[in-house]
Amino acid sequence: MTPFTQEVIKIIQQIPPGQVMTYGQIAREAGNPRAARQVVRVLHSMSKKHRLPWHRVINAKGQLAIPDEEANWEQRTRLEAEDVRVSSKGYVDLKKYQFIQR
């Protein structure tokens, strides 16, 4: 596992319930601001193994971006269970719910 992948996993594990981060934000904090797609790959291939809160990661527009309808619905349901409001078009207010690591 690369150091970047390890850092991505660590960052995702730290997102608290009721908050979200973007793919690009995670990539930047992991040390490679141009690697948002690599964050997607990590989530896709390692979420189960590392018990990652994958549902707390959304795109830079604040939108749920999983194309699979069932997984998209699961993401929405999980976020709403954590009191994150998701609009009817699948958007989350980043100003309100975005997690900023200190």
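These lines cover the structure that appears in this document, whether it is placed above or below. (Residues numbered from 1 in each chain as written. Predicted model: local features only at pLDDT ≥ 70, side-chain atom pairs only at ≥ 80, totals over all residues. Heavy atoms only, no water.)

**Points about the overall build of the protein chain**
Helix and strand content of the protein chain: five helices and two strands. Written out in order from the N terminus, the α and β elements of the protein chain read α-β-α-α-β-α-α. Here the C-alpha atoms of the protein chain give a radius of gyration of 13 Å, agreeing with the 13 Å that 2.2 N^0.38 yields for 102 residues. Along the longest, intermediate and shortest principal axes, the C-alpha atoms of the protein chain span 35 × 30 × 20 Å. Relative to its full complement of 102 residues, the protein chain shows a buried share of 46%. (Helix = DSSP H or I, 4+ residues; strand = E, 2+ residues; numbered from the N terminus. Rg over C-alpha atoms; globule rule 2.2 N^0.38 Å. Buried < 20%, exposed > 50% of the residue type's maximum accessible area, 1.4 Å probe, protein only.)

**Describing the side chain of His55**
Checked against the element boundaries, His55 lands in the loop between helix H3 (36-50) and strand S2 (57-58). Take His55: its relative accessible area is 5%, and that puts it in the buried class. Among all residues touching His55, those that are not within four sequence positions of it are Gln75, Arg78, Leu79 and Glu82. (Contact = heavy atoms within 4.5 Å.)

**A few points about the pattern of salt bridges**
Under the defined criterion, the tally for this structure stands at four salt bridges. In this structure, Arg76 and Glu80 form a salt bridge, with 3.7 Å as the shortest nitrogen-oxygen distance. Residue Arg76 and its partner Glu80 are both found in helix H4 (residues 69-81); the two are separated by four residues, about one turn of the helix. A relative accessible area of 12% means that Arg76 is categorised as buried. For Glu80, a relative accessible area of 35% corresponds to the partly exposed category. (Salt bridge = Lys/Arg side-chain N within 4 Å of Asp/Glu carboxyl O.)

**Some remarks on the nonpolar core**
Within the largest apolar cluster, 20 residues are counted, with the highest numbers of intra-cluster contacts made by Val8, Ile12, Ile26, Val39 and Leu43. Going through the elements one at a time, helix H1 (3-13), helix H2 (23-29) and H3 are the ones with two or more residues in this core. Per-element accounting of this core gives the leading share, five residues, to H1. Among the nonpolar cores identified, the runner-up in size contains nine residues, and Val20, Ile58, Leu64 and Tyr97 belong to it. (Core = buried A, V, L, I, M, F, W, Y, C linked by side-chain atoms within 4.5 Å.)

**Details of the environment of Ile58**
In this structure, Ile58 sits in strand S2. For the pair Ile58 and Ile15, spaced 43 residues apart in sequence, the C-alpha separation works out to 12 Å. Dropping the residues within four chain positions of it, Ile58 is found in contact with Val20, Met21, Thr22, Tyr23, Gln63, Leu64, Gln75, Val92 and Leu94.

**Here's the deal with H3**
The principal kink in H3, of about 40°, is found at His44. The elements touched by buried residues of H3 are H1, H2 and S2. (Bend = angle between axes of the 7 residues up to and from the residue.)

**Observations concerning the packing of H1 against H3**
Two numbers describe how H1 lies on H3: the axes approach to 10 Å, and their chain directions differ by 70°. Taken as axis vectors, H1 and H3 run roughly perpendicular relative to one another. You can see that H1 and H3 cross each other, and the crossing is right-handed. Note on element contacts: H3 touches H1 through Gln38, Val39, Arg41, Val42, Leu43, Met46 and His50, opposite Phe4, Thr5, Val8, Ile9, Ile12 and Gln13. (Axes fitted to C-alpha atoms, helices over the stretch in contact; angles between N-to-C directions. Parallel < 35°, antiparallel > 145°, perpendicular 65-115°, else oblique. Left-handed = near helix turned anticlockwise from the far one by under 90°.)

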